[in-house]
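Chain by chain, the residues run as shown.
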Amino acid sequence: GIDQIDWQAYREWLENQFSPGYARDVYNYSRKYAHCLLEKDLSELLMIRKTKRTNIVKALANLSKFIGMHDEFLRMMRRHDLEWGGKSNEELVIERYTKVQDPNEVFEWIKQVKRVRLELKDFMDFMAITGLRLVEAIASYNLIIKLAREGKLDTYYNEEKEALEHFRFKDLFLRRSKKAFVSFIPKQFIEKIALNDPLPDSRHAIEMRVRKRGLRLRFADIRELHGTFMTKYLTKSEIDFIHGRVTTSIFMANYFNAALIADLKQRIFKGIREIQSLIS
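Just so we're clear, the structure is a prediction, and the values are computed from it rather than from any experiment. (Residues numbered from 1 in each chain as written. Predicted model: local features only at pLDDT ≥ 70, side-chain atom pairs only at ≥ 80, totals over all residues. Heavy atoms only, no water.)

The three strands lie next to each other as β1-β2-β3, forming an open sheet whose pairing is antiparallel. For this open sheet the edge positions go to β1 (157-158) and β3 (183-184), each flanked by a neighbour on one side alone. Bridge count for β1 against strand β2 (residues 163-164) is two bridges, and the pairing is antiparallel. Residue pairing for β2: N158 is matched across the bridge by A163. (Pairing = 2+ DSSP bridges. Helix = DSSP H or I, 4+ residues; strand = E, 2+ residues; numbered from the N terminus.)

Where helix α6 (residues 103-116) contacts helix α7 (residues 121-130), the two axes come as close as 8 Å, and the packing angle between them is 160 degrees. By the angle class used here, α6 and α7 are roughly antiparallel. The two elements α6 and α7 cross, and the hand of that crossing is right-handed. Contacts between α6 and α7 involve W109, I110, V113 and K114 from the former and K121, M124, D125 and A128 from the latter. For the contact of α6 with α7, the residue count by class is five nonpolar, no polar and three charged. (Axes fitted to C-alpha atoms, helices over the stretch in contact; angles between N-to-C directions. Parallel < 35°, antiparallel > 145°, perpendicular 65-115°, else oblique. Left-handed = near helix turned anticlockwise from the far one by under 90°. Contact = heavy atoms within 4.5 Å. Nonpolar A, V, L, I, M, F, W, Y, C, P; charged D, E, K, R; others polar.)

Attention now goes to helix α4 (residues 70-79). Residues that lie three or four places apart on an α-helix share one face, since the helix turns once every 3.6 residues. All of the buried residues in α4 are H70, E72, F73, M76 and M77. Taken around the axis of α4, the buried residues stretch over an arc of 155 degrees, which confines them to a single face. Away from its buried face, by an angle of more than 90 degrees, α4 presents the exposed residues R78 and R79. Looking at the buried residues of α4, the elements they touch are α2 (20-38) and α3 (50-66). Directly after α4, the chain includes D81, whose backbone phi takes a positive value near 55 degrees. (Buried < 20%, exposed > 50% of the residue type's maximum accessible area, 1.4 Å probe, protein only. Arc of directions from axis to C-beta.)

Let us now look at the side chain of N142. Position of N142 among the secondary structure elements: in helix α8 (residues 134-149). Of the polar contacts made by the side chain of N142, one reaches the backbone nitrogen of L199; its length is 2.8 Å. Apart from residues no more than four positions distant in its own chain, N142 is found in contact with P198, L199, P200 and D201. (Polar contact = N/O pair within 3.5 Å; in protein donor to acceptor, adjacent residues only side chain to side chain.)

Glancing now at helix α10 (residues 187-194). Those residues of α10 that fall on the buried side of the exposure criterion are F189, I190, I193 and A194. The buried residues of α10 occupy one face: seen down the axis, they fall within an arc of 145 degrees. Buried residues along α10 sit against α7, α8, β1 and β2.

Attention shifts here to the side chain of E12. Considering the arrangement of structural elements, one finds E12 in helix α1 (residues 7-15). It turns out E12 is buried and unbridged, and the closest side chain with the opposite charge, R211, is 4.1 Å from it. Non-local contacts of E12, meaning those with residues more than four positions away in its chain, are made with H204, E207 and R211. (Lys, Arg positive; Asp, Glu negative; His and termini not counted. Salt bridge = Lys/Arg side-chain N within 4 Å of Asp/Glu carboxyl O.)

Structure (structure tokens):
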């Protein structure tokens, strides 16, 4: 429900992407009309004048991205025959792909965080090569350390496939709207993480460490950059697969096809090596 949305985190997320005034407007519209999104019924918006409706639609689009309902929101838009108001689908695609004008900006930001927060060095590398969401990355990173200390890392990391099998920990990684099934990571890097101390398990604590060093928050950009960067090596459906944007049945069909996985891992590792060279 509405009370389950972390509104403070959402406000900060908007402020990191937009000007203060625009972020405030998007936030206010999101709060006022969030029920339309959560109840999956946008019919109320049809009664509102077009100029205002466009702003509400854009606000709900942002909220849907933040809470992991964007695909569902797009289906609702089509179902209610709603328009974005001014921007064609082509323009939206272009806007998304040019939002990060220079990918090197994000790589440079990662390097800055690593310089000023040494305890986040391996964690930032981990986020960059997996494309996990911040909350998922924290949970995964700490789980590696915990299980390694207990001598149970093999219940999570499949050495043969060189894959973190998130699907084995459903409560942590298979949430209703946000899922992570598997991340392919070289064994050497997993062993390195296992030697570290765990991080605070709150995204806000991690974000605060970065803010205190005077840096803006760009964790969401890492995931977007990872997806765009990996198009050099993977198909769109493969990126959706490793980003958890597939159904469980598609995941099962792909993941347990050993031949497909071997080839997929090989290509992912090529991308990982290139990303590592850009942030080291």
